Amino acid sequence: MSTTITIDGRQVEARIGDDLLSVCLSYGIDVPYFCWHGALGSTGACRQCAVRVYAGPDDTKGRIVMACMTSIAEGQRVAVADPEAANFRARVIEWLMTNHPHDCPTCEEAGSCHLQDMTIATGHHVRRYRFTKRTHRNQDLGPLVTHEMNRCIACYRCTRFYRDYAGGRDLDAFGAHNNVYFGRAEDGVLESPFAGNLAEVCPTGVFNDKGWSADYARKWDMRATPSICPHCAVGCNLLVDERDGRVRRAQNRYHGALNGYFLCDRGRYGPLHVVSPQRLAVPLLGGVAASEHDATAAAHAAIAAGAIGIGSPRASLESNYALQRLVGPERFFAGVSDAEVKLLRRMIAILRAGPAKIASLAEIEAADAVLVLGEDLTNAAPRMALALRQTARAAERELAAQKGVPHWLDQAVHTAGEGRRSPIVLATSAPDPLDDIATLSLRLDAEAIAAFGVAVAAAMRGNVAEGLAAEGQVKDIADVLASAKCPLIIAGASLGAAAIIEAAAAIAAALGSRARIALIAPEANSVGLALLGGDGIESAAALLESGQAMTAIVLENDLFERAPRAGVERLFAAAKTVVALDALNTEITARAAIALPVAAFSEAAGTFVNYEGRAQRFFAAVPPNPAMPSAWRRIAAFGAGDWHSLDALIEDIVAERRDLVGIATAAPNAGFVMSGGKVTRAPRPLSGRTADDRAGQFADAAPPQDPDSPLTFGIKGSRGTQVPPALITSYKMPGLHSANAVTRFAQEIGGPLRGGDPGTLLFEAGEGALPPAAASDPIGVDGLLLVPLHDAFSGWELSRASALLAARAPAPRLMLHPDDAATLGLAAGAAVLIDGRPCGTRLSLDAGLARGVVAVSVGTVVPRGALRRVTIEAAS
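This part is about the overall build of the chain. Per the secondary structure count, the chain includes 28 helices and 38 strands. In terms of overall dimensions, the chain is globule-like: its C-alpha atoms have a radius of gyration of 28 Å, near the 29 Å expected for 876 residues. Counting only C-alpha atoms, the chain reaches 90 × 75 × 50 Å along its principal axes. By element, 53% of the accessible surface of the chain is carried by carbon and sulfur atoms, the whole surface being about 31,900 Å².

And the structure:
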């Protein structure tokens, strides 16, 4: 229920029961704060947000309260500018600063520091404290995060995020009173795959990005560009910071429906693959560096002889379309296995048919019962796993609300909620990092997971299956899902099992329109690639073997990671010439007759389509480099089309493919101009011109041109809350220079951005009937079912090219259940053969695995592929 309250004489609408600080910030009323956070709620630790509140019209005295700890009530009058409240806030800053070091000129956080903003806001500029400061010893927390404890003001944000929100256990608060230490019990790598968020959660610079520290640039000297994470199918929004033509770091870009305030570490540090030594920087002919002229001439000749195109789930929709246009739809192939192509098409058909609505991450957090079939979310789609951790707390929040505890009073909710958890059932083949929040964890092989899902769907229709591995739980789980207000089913392509997808669809259909479903594709643009069409690698090899084409053009794809090696070797054997376009050196570029460098995602503009079917635009963070053009520009030069800009290419796509018309509205086109000009990537205007922006004084110093976006690399341009959400480059406002200023850009705390969250849904549930499923290829009964092991820090070749993630990634794994190992006569540490081929990884044993499976690191040991059985034997 809403009411009208008065804040400094201004009447505003607010929901009764919300916290006063959130309401103030939503209306752009600045109240200094530290411990409060939009996703973490209130804890009252810093005492910085003091205001005077009058209970009603008859209250003439009022009282000083903490805004973050005060509920909205009928008839409230609030005085933020009250002299006593302002003095209270100034004194709090003064005591917080008594032990803070005088290191702003050398502090990495300077210029984008929430502590600086709040100190200036309270008028504190002279230190009266003249005594010895408390000091701490810093810790080595691994390759991703720095630690400078002397900057700490004890707001507890770090532990509240790391432990309460992200589920980590190796970071904590030690000590008491004015001598609290936030760190690990001993030096060591932070274990959570979300540890990098500490750099943005911390308001003072205790934690920061270690990679950025090593390649440092002042925050006001970097230009930020809106982008999309290329490392999984969730589609998290990024800001990519550049200085001197080099990407320095990536940060979270708020999106109310997807990543909210947080990223996973793969999304934060993975983009630094663009500065990797693995970059393909020059053309190659036969693996030897060649001139641009010679390499492109050879490519033209090879393509003229007749070519097929092999696309990529990590390339933009536009680049894939350009390749399809060059070779023709019948000669365009998807760059993954035939089995994965069929699986992705089926997933899209299920999502389109409904009746279950496709769940965004925000909707996942709002679910009250969840069944996960086969997906290790923490390692395959980490940001979705973080959302599911918030889902688990729904029952806790409900119980606390019944006791009168508001949802935003997070620590009290923990206590009043008595540790209750919403029902979450995980059916996976290997131990899952989310087991600690699950009400039930089942370890089953992929075939048993599918059978279990089918049985749950049948039970909801009144039919009880018998003889299942988890027969005793089927009816209970069906009842829980059926009684939930907002049940959620999650499945995906990780195990390569089409039967699991069908089971998820059956459960969703039994639940009806109140259900939500999330089907996780393997990569950033897997859905976009599937929408374009094209069969898989095996079909491409067959066409080459038939003699209908001589050349294979491979677009941004290490095929050996995405399809069985035998199929890729067939392709190389059948093709007279392989032309590779990529930003990285891979096995494909090394073996290709011709390899041409193209722009990485941070150097080009394009569109990815995420697991929801949401088309989202990313833009070039680095000025164009003619030696490494966008892949679609290279393909256009081969004769695909006369596209002078990305907008021209998009016009052709939507004219030909009406099902993709939504990509045109994913972001404003390059002709979009605001009253202040194009949107600038530069931070808020500096005082006077800088040495790096001498346009008008020197002809060669004009800002680089960007024909593919409505953004400018120059210092002058539009910025602020009126910028369209897809083009936001900074949250900086007058007096607010840190990421905390995102509250000015959202419609409400934790809600969508003003103007709506970026992206356009290309399809929605209920668009058509679901055709019958095609028959699956039999996989036999001999051997063990292969379980691909994903890792949050490894991912695919892009992630492994990031030096920071490579330093954090575990060694490749090969695991068996001890009983299966004993049956095969194998011991831990044994060298083994998989289907007769040596495996470079030694065997380890894990009693947490399902029986009858072998779990192997995907990408580094085995490629993606369909569910299959393999033989395991000792190497001689």
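All right, on to helix α24 (residues 631-640) then. Since one α-helical turn is 3.6 residues long, residues separated by three or four positions face the same way. Judged by how many residues are buried, α24 sits mostly within the fold: 7 of 10 residues are covered. Buried positions along α24 lie against α8 (292-304), α9 (317-327), β23 (551-555), β24 (577-582), β25 (594-597) and α25 (646-656).

Take the packing of helix α10 (residues 338-353) against helix α18 (residues 498-511) next. Geometry of a packed helix pair, given as the angle between the helix axes and the separation of the axes. Viewed as axis vectors pointing N to C, α10 and α18 meet at an angle of 5°, and their least axial separation amounts to 10 Å. Considering the angle they form, α10 stands roughly parallel to α18. Here Leu343, Arg346, Met347 and Ile350 of α10 come into contact with α18, specifically with Ala498, Ile501, Glu502 and Ala505. The residue makeup of the contact of α10 with α18, split by class, is 6 nonpolar, no polar and 2 charged.

Within the fold, Ser513 resides in the loop between α18 and β22 (516-520). Residue Ser513 is classed as exposed on the basis of its relative accessible area, which comes to 60%. Separated by 362 residues in sequence, Ser513 and Ala875 place their C-alpha atoms 53 Å apart.

Now for unusual backbone geometry. For the bond running from Gly354 to Pro355, omega is 10°, close enough to zero to count as cis. Position of Pro355 relative to the elements: it lies in the loop between α10 and β17 (357-358). Despite not being glycine, Glu418 shows a phi value in the positive range, around 55°. As for its placement among the helices and strands, Glu418 is situated in the loop between α15 (410-416) and β19 (424-428). For Asp835, which is not glycine, the phi dihedral falls at a positive 50°. Among the secondary structure elements, Asp835 is positioned in the loop between β33 (832-834) and β34 (837-838).

Scanning the entire structure with this criterion turns up 53 salt bridges. One salt bridge connects Asp172 with Arg163, and the closest N-O pair in it is separated by 3.5 Å. Taking the relative accessible area as the measure of exposure, Asp172 reaches 29% and is therefore partly exposed. Linked by salt bridges that have partners in common, Arg314, Glu340, Glu523, Arg562, Asp582, Glu797 and Arg864 make up one network.

Attention shifts here to the sheet that holds strand β14 (residues 288-289). Strand order in the open sheet made by the 7 strands is β14-β13-β25-β24-β23-β15-β16, with mixed pairing throughout. Here the strands that pair on one side only, and so sit at the sheet edges, are β14 and β16 (332-333). Where strand β15 (residues 307-310) meets β16, 2 bridges bridge the pair, whose relative direction is parallel. Note on β16: the bridge partner recorded for Ile310 is Phe333.

Looking now at the packing of aromatic side chains. Tallied over the entire structure, the rule returns 13 aromatic pairs. Members of the aromatic cluster, each reached through a chain of ring pairs, are Phe161, Tyr165, Tyr254, Tyr261 and Phe262. Over the ring of Tyr54 we find Arg77; its NZ or CZ atom is 4.5 Å from the centre of that ring. The ring of Phe713 has Arg681 sitting right over it, with the charged end atom 3.7 Å from the ring centre.

Its domain assignment divides the chain into domain 1 (2-97), domain 2 (353-521) and domain 3 (784-874). Each side of the interface is counted separately: domain 2 has 17 residues, and domain 3 has 17 residues. Buried surface at the junction of domain 2 and domain 3, summed over both partners, amounts to about 1,200 Å²; 64% is from carbon and sulfur atoms. For the pair domain 2 and domain 3, the number of links is 1 salt bridge. Taking the shortest distance from any N to any O, the salt bridge between Arg869 and Glu447 comes out at 2.9 Å. Scanning the region where domain 2 abuts domain 3 turns up 4 residue pairs in polar contact (both at pLDDT 80 or more).

Evaluation of the coordinates by the stated rule reveals 13 cavities of 30 Å³ or more. There is about 340 Å³ of room inside the largest cavity. Forming the boundary of the largest cavity are 26 residues, of which Ser112, Arg249, Gln251, Lys732 and His737 lie nearest the centre. Elements with a minimum of two residues in the lining of the largest cavity: α5 (198-201), β11 (237-243) and β12 (246-252). Ranked by the residues each element gives to the lining of the largest cavity, the list is headed by β12, at 3 residues. Looking at side-chain class alone, the lining of the largest cavity contains 10 nonpolar, 9 polar and 7 charged residues.

For Thr3, the position within the fold is in strand β1 (residues 2-7). For Thr3, a relative accessible area of 3% translates into the label buried. Within the local environment of Thr3, its side chain forms a polar contact with the side chain of Glu74, the two groups lying 2.9 Å apart.

Looking now at the sheet that holds strand β27 (residues 614-618). Read across the open sheet, the 3 strands follow the order β26-β27-β30; overall the sheet is antiparallel. The open sheet has two free edges, formed respectively by β26 (606-609) and β30 (760-761), since each of these has just one partner strand. Of the pairings in the sheet, the one linking β27 to β30 comprises 2 bridges and is antiparallel in character. Looking at β30, one finds that Ala615 is bridged to Thr760.

For the rest of this paragraph, the subject is the packing of α9 against α25. For the pair α9 and α25, interaxial distance at closest approach is 11 Å and the crossing angle is 65°. By the angle between their axes, α9 is roughly perpendicular relative to α25. Two packed elements cross with a definite hand, and for α9 against α25 that hand is left-handed. Only Leu646, Leu649, Ile650, Asp652, Ile653 and Glu656 of α25 make contact with α9, whose side of the interface consists of Glu318, Tyr321 and Arg325. The residue inventory of the contact of α9 with α25, partitioned by class, reads 5 nonpolar, no polar and 4 charged.

The element β27 is largely enclosed, with a buried count of 5 among its 5 residues. Covered by surrounding structure in β27 are Arg614, Gln616 and Phe618 together with Ala615 and Arg617, the residues of both alternating faces. Sheet topology note: the β26/β27 ladder contains 4 bridges and is antiparallel. Looking at β27, one finds that Gly606 is bridged to Phe618. Connecting β26 to the next strand, β27, in antiparallel fashion are 4 residues, including Gly613 with a positive phi near 85°.

Looking at the element boundaries, Asp445 is found in the loop between β20 (440-443) and α16 (446-460). Lacking a salt bridge, the buried Asp445 has Arg869 as its closest oppositely charged neighbour, with an N-O distance of 5.8 Å. Of note is the side chain of Asp445, whose polar atom sits 3.0 Å from the backbone nitrogen of Glu447. In this structure the side chain of Asp445 is engaged in a polar contact, spanning 2.8 Å, whose partner is the backbone nitrogen of Ala448. Those residues within four positions of Asp445 in sequence are excluded, and the remaining contacts are Ser429, Leu785, Ala850, Arg851 and Val853.

Our next topic: helix α13 (residues 382-391). Here α13 lies mainly inside the structure; 10 of its 10 residues are buried. Listing the buried residues of α13 in full gives Pro382, Arg383, Met384, Ala385, Leu386, Ala387, Leu388, Arg389, Gln390 and Thr391.

With respect to the helices and strands, the residue Lys732 is situated in the loop between β29 (711-712) and β30. Accessibility expressed as a relative area gives 17% for Lys732, which makes it buried.

The rules behind these values
- Residues numbered from 1 in each chain as written.
- Predicted model: local features only at pLDDT ≥ 70, side-chain atom pairs only at ≥ 80, totals over all residues.
- Heavy atoms only, no water.
- Helix = DSSP H or I, 4+ residues; strand = E, 2+ residues; numbered from the N terminus.
- Rg over C-alpha atoms; globule rule 2.2 N^0.38 Å.
- Areas by Shrake-Rupley, 256 points an atom, 1.4 Å probe, with all protein chains shown as cover.
- Buried < 20%, exposed > 50% of the residue type's maximum accessible area, 1.4 Å probe, protein only.
- Contact = heavy atoms within 4.5 Å.
- Axes fitted to C-alpha atoms, helices over the stretch in contact; angles between N-to-C directions.
- Parallel < 35°, antiparallel > 145°, perpendicular 65-115°, else oblique.
- Nonpolar A, V, L, I, M, F, W, Y, C, P; charged D, E, K, R; others polar.
- Salt bridge = Lys/Arg side-chain N within 4 Å of Asp/Glu carboxyl O.
- Pairing = 2+ DSSP bridges.
- Phe/Tyr/Trp six-rings, centres within 6.5 Å; stacked < 30°, edge-to-face > 60°.
- Lys NZ or Arg CZ within 6 Å of the ring centre and 35° of its normal.
- Domains from an automatic or database assignment.
- Buried area = accessible area lost by both parts, 1.4 Å probe.
- Polar contact = N/O pair within 3.5 Å; in protein donor to acceptor, adjacent residues only side chain to side chain.
- 1 Å grid on protein atoms, 1.4 Å probe; cavity = no way out; pocket = protein on both sides within 12 Å on 5 of 7 lines; lining within 4 Å.
- Points joined across faces, edges and corners; volume = space filled by probe spheres on them.
- Left-handed = near helix turned anticlockwise from the far one by under 90°.
- Lys, Arg positive; Asp, Glu negative; His and termini not counted.

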